[in-house]
Amino acid sequence: MPSGYSVKVTGLKEIQARFGRSPQIVDKHSRQAMNKSVDLTKRNVSAQAPAHSGHLKGAIDGKVRGFGANIEGIVGPNSAISKEVYPFVQEFGRKPGGM
């Protein structure tokens, strides 16, 4: 038995097209927010890094990777010093008496 209601949707194709673009829209906005967060974190980490030679302070880098809601920001020593012991000793310390 019909309920007596009818629904007419106008602009359905346009709405569907916008939903189809939502992954790119989410990626754009989440990437912008993550880039701001990474930049702020880089500045704070660099400001707090030991400045004996300035080597570590100038080597803090950040990057954003992933897509859409599955992105991550990474902040740490850049590739120029990431293989060195120095940044890790500064972060985690060392055993007494040597490296």
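Here the structure is a predicted model, which means the values were calculated and not measured.

## A few points about the overall build of the protein
Link 1 in the chain: The number of helices and strands found in the protein is 3 helices and 2 strands.
Link 2 in the chain: Taken across its 99 residues, the protein has 14% of its residues classed as buried.
Link 3 in the chain: Across the protein, contacts joining residues at least 24 apart in sequence account for 49% of those joining residues at least 6 apart.
Link 4 in the chain: For the protein, the accessible surface area stands at approximately 8,100 Å², while carbon and sulfur atoms represent 56% of it.

## Observations regarding the pattern of salt bridges
Link 1 in the chain: For the structure shown, the criterion picks out 2 salt bridges.
Link 2 in the chain: For E72, the salt bridge is made with R65, and the minimal N-O distance between the two is 2.6 Å.
Link 3 in the chain: Of the residues examined, R65 reaches a relative accessible area of 44% and is grouped as partly exposed.

## Quick word on the confidence of the model for the protein
Link 1 in the chain: With 85% of its residues at a pLDDT of 70 or more, the protein has an overall mean of 83.
Link 2 in the chain: The secondary-structure element of the protein with the lowest mean pLDDT is helix α3 (residues 86–92), recorded at 69, while helix α2 (residues 22–48) shows the highest, at 93.

## Description of the packing of helix α1 (residues 12–20) against α2
Link 1 in the chain: With their axes 5 Å apart at the nearest point, α1 and α2 run at an angle of 45° to one another. One finds that α1 runs oblique with respect to α2. For the pair α1 and α2, the contacting residues are R18, F19 and G20 in the first and S22, P23 and Q24 in the second.
Link 2 in the chain: Residues that form the contact of α1 with α2 fall into these classes: 2 nonpolar, 3 polar and 1 charged.

## A closer look at a nonpolar patch on the surface
Link 1 in the chain: A surface patch of nonpolar side chains, about 530 Å² in accessible area, is lined by V7, V9, L12, I15 and F19.
Link 2 in the chain: Mapped onto the elements of the fold, L12 is located in helix α1.

## Section: α2
Residues that lie three or four places apart on an α-helix share one face, since the helix turns once every 3.6 residues.
Link 1 in the chain: Taking 1.5 Å of rise per residue, 27 residues should cover 39 Å, and α2 covers 39 Å from first to last C-alpha, within 8% of that figure.
Link 2 in the chain: Considered for burial, the residues of α2 that qualify are D27, V38 and S46.
Link 3 in the chain: Close packing links the buried residues of α2 with β1 (60–67) and β2 (70–77).

## Quick look at the pairing of β2
Link 1 in the chain: Taken together, the 8 bridges between β1 and β2 define a ladder with antiparallel strand orientation. Residue pairing across strands places I60 opposite P77, the latter belonging to β2.
Link 2 in the chain: Where β1 folds back on β2, the antiparallel hairpin that results is connected by 2 residues, among which G68 adopts a positive phi of roughly 65°.

What counts and what doesn't
Residues numbered from 1 in each chain as written. Predicted model: local features only at pLDDT ≥ 70, side-chain atom pairs only at ≥ 80, totals over all residues. Heavy atoms only, no water. Helix = DSSP H or I, 4+ residues; strand = E, 2+ residues; numbered from the N terminus. Buried < 20%, exposed > 50% of the residue type's maximum accessible area, 1.4 Å probe, protein only. Contact = heavy atoms within 4.5 Å. Areas by Shrake-Rupley, 256 points an atom, 1.4 Å probe, with all protein chains shown as cover. Salt bridge = Lys/Arg side-chain N within 4 Å of Asp/Glu carboxyl O. pLDDT = per-residue confidence, 0-100. Axes fitted to C-alpha atoms, helices over the stretch in contact; angles between N-to-C directions. Parallel < 35°, antiparallel > 145°, perpendicular 65-115°, else oblique. Nonpolar A, V, L, I, M, F, W, Y, C, P; charged D, E, K, R; others polar. Patch = residues over 30% accessible without salt bridge, like charges linked within 9 Å, V, L, I, M, F, W, Y side chains within 5 Å. Expected span 1.5 Å × (residues − 1). Pairing = 2+ DSSP bridges.

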